[in-house]
Amino acid sequence: MLNAYGDFSEYYDLLGWNVFARNAAVRLNAFFKLRGPKPRSLLDLACGTGELERSLRNTGIKFVGVDASPGMVKIARRKAPKSRFIVADAAGVRLHQKFDMVLLLFDSANHMTSYSHLRRVFRNARRHLNDNGCFIFDFLTERGLEEWEQINIRRKKDYTLFCYGHYYPEKMLADIFIEAFIRQPAPGGPHENYRRVFQKIVEKTYPLNGIVSSLAECGFAKITASPFDLDEKVAQATRLWFVCGK
Ligand SMILES: C[S@@+](CC[C@H](N)C(=O)[O-])C[C@H]1O[C@@H](n2cnc3c(N)ncnc32)[C@H](O)[C@@H]1O
């Protein structure tokens with residue numbers, strides 16, 4: 001499967017990829033206070049390692065996570081043995097249950113590399129939403145994906161991480177490469193050992209009007225898009241934050 005997360009799952013949290021979910025939890029808690037009441041149940045599509053569940057655990061919200069990567073779900077189950085995590089495509093999973101909130105966070109919508117896949121995910125999100133529920137997702141815009149046209153290097157005691165990519169404007173698609181060298185325990189040995197982990201991700205972006213019309217086509221009547229970074233304007237934003245209702 002395209003965008004299958006393999007070995008990388010094991011190091012996702014260590015390499016700091018879980019920070020987005022932690023920040024999203026702060027944003028969601030503020031949203032619950034403003035918009036109240038707090039949801040009683042939440043479906044996290046493309047839940048990754050379940051960091052959002054961990055960050056919202058003390059809210060008492062009943063949580064279900066779905067992710068296409070068995071590696072990610074294995075870590076999520078380890079972190080939250082009391083919550084339910086399912087290995088499935090966000091477009092195809094059928095839980096026969098409705099939720100007050102459905103989420104699709106941290107570039108996960110950009111992982112759907114065709115309109116047809118994206119719309120199947122939107123339809124499925126709506127299918128699992130209560131009538132007054134909220135579907136929330138973020139989306140990297142073309143500006144956001146263009147930012148992958150550079151090399152980022154992070155060095156920590158336990159790893160060195162390289163992230164680089166290419167953005168293809170004609171396809172509105174980016175190839176993203178994540179390469180890490182992770183220090184392994186080498187008790188008593190004369191040299192440090194490192195494990196190399198490599199992950200390629202393909203992310204696609206769509207024009208704002210294409211996303212909005214897809215949401216409308218999938219039955220969402222209330223659609224708001226705001227810049228994720230509040231200093232930006234929607235038209236120039238690198239990441240958008242969508243809140244949608246039936
Ligand atoms: C960047 S991670 C985000 C994970 C998590 N939401 C977070 O905030 O850390 C993207 C996730 O999308 C999952 N994914 C990609 N395509 C998917 C699909 N079609 N259905 C379900 N999960 C998918 C990947 O396995 C990965 O866990």
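The structure displayed is predicted, hence computed values, not measured ones.

The subject of this paragraph is the overall build of the protein. The number of helices and strands found in the protein is 7 helices and 11 strands. Scaling as 2.2 N^0.38, a compact globule of 246 residues should have a C-alpha radius of gyration of about 18 Å, and the protein matches this with 18 Å. Seen through its principal axes, the protein has C-alpha atoms that stretch 65 × 45 × 35 Å. Within the protein, buried positions represent 37% of all 246 residues. Contacts spanning at least 24 positions in sequence make up 63% of the contacts within the protein whose residues lie at least 6 apart.

The next subject is the site of the ligand. Within the structure, the ligand sits among 22 residues, and Ala-46, Gly-48, Ser-69, Ala-90 and Phe-106 are positioned closest to it. Of the residues belonging to the shell around the ligand, the class tally is 12 nonpolar, 6 polar and 4 charged.

Our next topic: the sheet that holds strand β8 (residues 173-184). Judged by pairing direction, the sheet is antiparallel, and its 4 strands sit side by side in the order β6-β7-β8-β9 without closing on themselves. Only two strands of the sheet have a single partner each, and these edge strands are β6 (152-155) and β9 (193-204). Geometrically, the sheet is characterised by an average inter-axis angle of 10° between neighbouring strands, direction not taken into account. Relative to strand β7 (residues 159-168), β6 is paired through 4 bridges, and the arrangement is antiparallel. What sits directly across from Ile-153, in β7, is Phe-162.

Let's shift gears to helix α2 (residues 19-35). Within an α-helix, residues lying three or four positions from one another point in the same direction, as the helix has 3.6 residues per turn. With 17 residues, α2 extends 24 Å from end C-alpha to end C-alpha; this agrees with the ideal 24 Å at 1.5 Å per step. The set of residues buried in α2 consists of Ala-21, Ala-24 and Leu-28. For α2, the arc enclosing every buried residue in end-on projection is 55°, short of the 170-degree limit, so these residues lie on one face. Among the exposed residues of α2, those pointing more than 90 degrees away from its buried face are Val-19, Arg-22, Val-26, Ala-30, Lys-33 and Leu-34. Buried-residue contacts for α2 involve α3 (51-56).

All right, on to the domain arrangement of the protein then. Domain annotation for the protein reports domain 1 (6-140 + 206-245) and domain 2 (143-204). The gap between the C-alpha centroids of domain 1 and domain 2 is 24 Å. Here the residues of the side of domain 1 that touches domain 2 are counted per class, giving 6 nonpolar, 5 polar and 3 charged.

The next point concerns the nonpolar core. Membership of the largest hydrophobic core comes to 62 residues, with the highest contact counts inside it found for Leu-45, Val-102 and Leu-104. At 6 residues, the largest contribution of residues to this core is made by strand β5 (residues 129-140). Taken domain by domain, the makeup of this core includes at least three residues from each of domain 1 (6-140 + 206-245) and domain 2 (143-204).

In spatial order, the strands read β3-β2-β1-β4-β5-β11-β10; together these 7 strands make up an open sheet with mixed pairing. Bordering the open sheet on either side are β3 (84-87) and β10 (222-227), each of which pairs with just one other strand. Across this sheet, the average inter-strand angle for adjacent strands is 15°, counted without regard to direction. Sheet analysis places strand β2 (residues 62-67) next to β3, joined by 4 bridges and oriented parallel. Residue pairing for β3: Asp-67 is matched across the bridge by Val-87. Seen against the sheet, helix α5 (residues 115-127) touches β1 (41-45), β4 (99-104) and β5 and runs at an angle of roughly 150° to β5. Most of the contacts of helix α7 (residues 208-217) go to β10, to which it runs at about 155°, and overall it touches β5, β10 and β11 (239-245).

Among the secondary structure elements, Lys-74 is positioned in helix α4 (residues 70-79). Sequence separation of Lys-74 and Val-102 is 28 residues, and the distance between their C-alpha atoms is 21 Å.

A cis amide bond, omega -5°, links Gly-36 with the succeeding residue Pro-37. Residues other than glycine seldom take positive phi values, yet His-96 does so here, at roughly 50°. Among the structural elements, His-96 can be located in the loop between β3 and β4. Judged by local crowding, His-96 falls into the exposed class, with 6 C-beta atoms found within 10 Å. Even without being a glycine, Met-172 presents a positive backbone phi close to 50°.

Rules of the game
- Residues numbered from 1 in each chain as written.
- Predicted model: local features only at pLDDT ≥ 70, side-chain atom pairs only at ≥ 80, totals over all residues.
- Helix = DSSP H or I, 4+ residues; strand = E, 2+ residues; numbered from the N terminus.
- Rg over C-alpha atoms; globule rule 2.2 N^0.38 Å.
- Buried ≥ 20, exposed ≤ 12 C-beta atoms within 10 Å, placed from the backbone.
- Contact = placed C-beta atoms within 7 Å.
- Near = placed C-beta within 6 Å.
- Nonpolar A, V, L, I, M, F, W, Y, C, P; charged D, E, K, R; others polar.
- Pairing = 2+ DSSP bridges.
- Axes fitted to C-alpha atoms, helices over the stretch in contact; angles between N-to-C directions.
- Expected span 1.5 Å × (residues − 1).
- Arc of directions from axis to C-beta.
- Domains from an automatic or database assignment.
- Core = buried A, V, L, I, M, F, W, Y, C linked by C-beta atoms within 7 Å.

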